[in-house]
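The residues making up each chain are set out below.
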Amino acid sequence: MKNWLIEQQILLSNQIVDNRLPHAILISGVEGAGKSELAQWLIKILLCQQTIKHPETKVLGACGQCKTCQLYRSQTYPDNITVNSKTKTIGIDDIRLVSRFLEKTAHIGINQTVLIPTAEKMTVAAANALLKTLEEPPPHVKFLFATTDPQKLPITVLSRCLQFNLKNLSPARIAEHLQFVLGEEKVPFDEGGV
């Protein structure tokens, strides 16, 4: 996990513990900012049967051992759907699959999760078809949207989401992460050139 995501993880962990996590979350940012990692981390937490809390950071983590964690890792967990379109856009047919998925109750756990990792690809018709569900979400359903361009989403969808913007990554934060990953003492960067 990218170390610059810790602030978002702490906020989301606190909301989960306090039972205040919104039903729809939009994570936006440039490629490589960590949108997918943050979304996957959150899904794992929501589906895990034995979450753990890291004492230093107060960030929740999935146990990695329970049945749901194992099924999710093997990509066979039945209470999560990821919408990946095989075309340039996410259309109404893709959203109908989500609607059919949500007609059923959770098979194993309590929560059902819907991940749309390229939400900017939703057509206006698809976004409007999803809007009704976002306005009146079924209990225990969480929507996670990731996008590189939130302006391509209708304001009606944006207004129903808790939004995290990962675009504001400074060169210093990126260098700090590289230093952590590479284990080097210092990763050089040019503050003026970026």
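Let me sum up the structure you'll find in this document.

### Re the overall build of the protein chain
Phase 1 of the analysis: Each helix and strand in the protein chain was counted, giving seven helices and seven strands.
Phase 2 of the analysis: Listing each helix as α and each strand as β along the protein chain from the N terminus yields α-β-α-β-β-α-β-α-β-α-β-α-β-α.
Phase 3 of the analysis: Counting across all 194 residues of the protein chain, residues that qualify as buried make up 42%.
Phase 4 of the analysis: Total accessible area on the protein chain stands at roughly 10800 Å², and carbon and sulfur atoms take up 52% of it.

### Points about helix H5 (residues 124–135)
Phase 1 of the analysis: The end-to-end C-alpha separation of H5 is 16 Å, in line with the 16 Å expected for twelve residues at 1.5 Å each.
Phase 2 of the analysis: Among the residues of H5, those classed as buried are Ala-126, Ala-127, Leu-130, Leu-131, Thr-133 and Leu-134.
Phase 3 of the analysis: Next to the buried residues of H5 lie strand S1 (24–28), helix H4 (92–103), strand S5 (112–116), strand S6 (141–147) and helix H6 (155–158).

### Digging into the pattern of salt bridges
Phase 1 of the analysis: One pass over the full model with this rule turns up four salt bridges.
Phase 2 of the analysis: The salt bridge partner of Glu-136 is Lys-132, with a shortest N-O separation of 3.2 Å.
Phase 3 of the analysis: With relative accessibility at 54%, the residue Glu-136 sits in the exposed group.

### Things to note about the packing of aromatic side chains
Phase 1 of the analysis: Counted according to the given criterion, the structure contains one aromatic pair.
Phase 2 of the analysis: When the ring of Phe-143 is compared with that of Phe-145, the centres are 6.2 Å apart and the planes differ by 5°; the resulting orientation is stacked.
Phase 3 of the analysis: On the basis of relative accessibility, which here comes to 1%, the residue Phe-143 falls in the buried class.

### Concerning the packing of helix H1 (residues 6–17) against helix H2 (residues 35–47)
Phase 1 of the analysis: Closest axis-to-axis distance for the H1/H2 pair is 11 Å, and the angle between their directions is 25°. Relative to H2, the element H1 lies roughly parallel. The way H1 lies across H2 gives a crossing that is right-handed. Of H2, the residues touching H1 (which contributes Gln-8, Gln-9, Leu-12, Ser-13 and Ile-16) are Leu-38, Trp-41, Leu-42, Ile-45 and Leu-46.

### What about unusual backbone geometry?
Phase 1 of the analysis: Unlike most non-glycine residues, Gln-75 shows phi in positive territory, near 60°.
Phase 2 of the analysis: Within the secondary structure layout, Gln-75 lies in the loop between helix H3 (67–73) and strand S4 (80–82).
Phase 3 of the analysis: Among the residues examined, Gln-75 registers a relative accessible area of 73% and is labelled exposed.
Phase 4 of the analysis: Despite not being glycine, His-140 has its phi angle at roughly 65°, a positive value.
Phase 5 of the analysis: Tracing the chain through its elements places His-140 in the loop between H5 and S6.

Rules of the game
Residues numbered from 1 in each chain as written. Predicted model: local features only at pLDDT ≥ 70, side-chain atom pairs only at ≥ 80, totals over all residues. Heavy atoms only, no water. Helix = DSSP H or I, 4+ residues; strand = E, 2+ residues; numbered from the N terminus. Buried < 20%, exposed > 50% of the residue type's maximum accessible area, 1.4 Å probe, protein only. Areas by Shrake-Rupley, 256 points an atom, 1.4 Å probe, with all protein chains shown as cover. Expected span 1.5 Å × (residues − 1). Contact = heavy atoms within 4.5 Å. Salt bridge = Lys/Arg side-chain N within 4 Å of Asp/Glu carboxyl O. Phe/Tyr/Trp six-rings, centres within 6.5 Å; stacked < 30°, edge-to-face > 60°. Axes fitted to C-alpha atoms, helices over the stretch in contact; angles between N-to-C directions. Parallel < 35°, antiparallel > 145°, perpendicular 65-115°, else oblique. Left-handed = near helix turned anticlockwise from the far one by under 90°.

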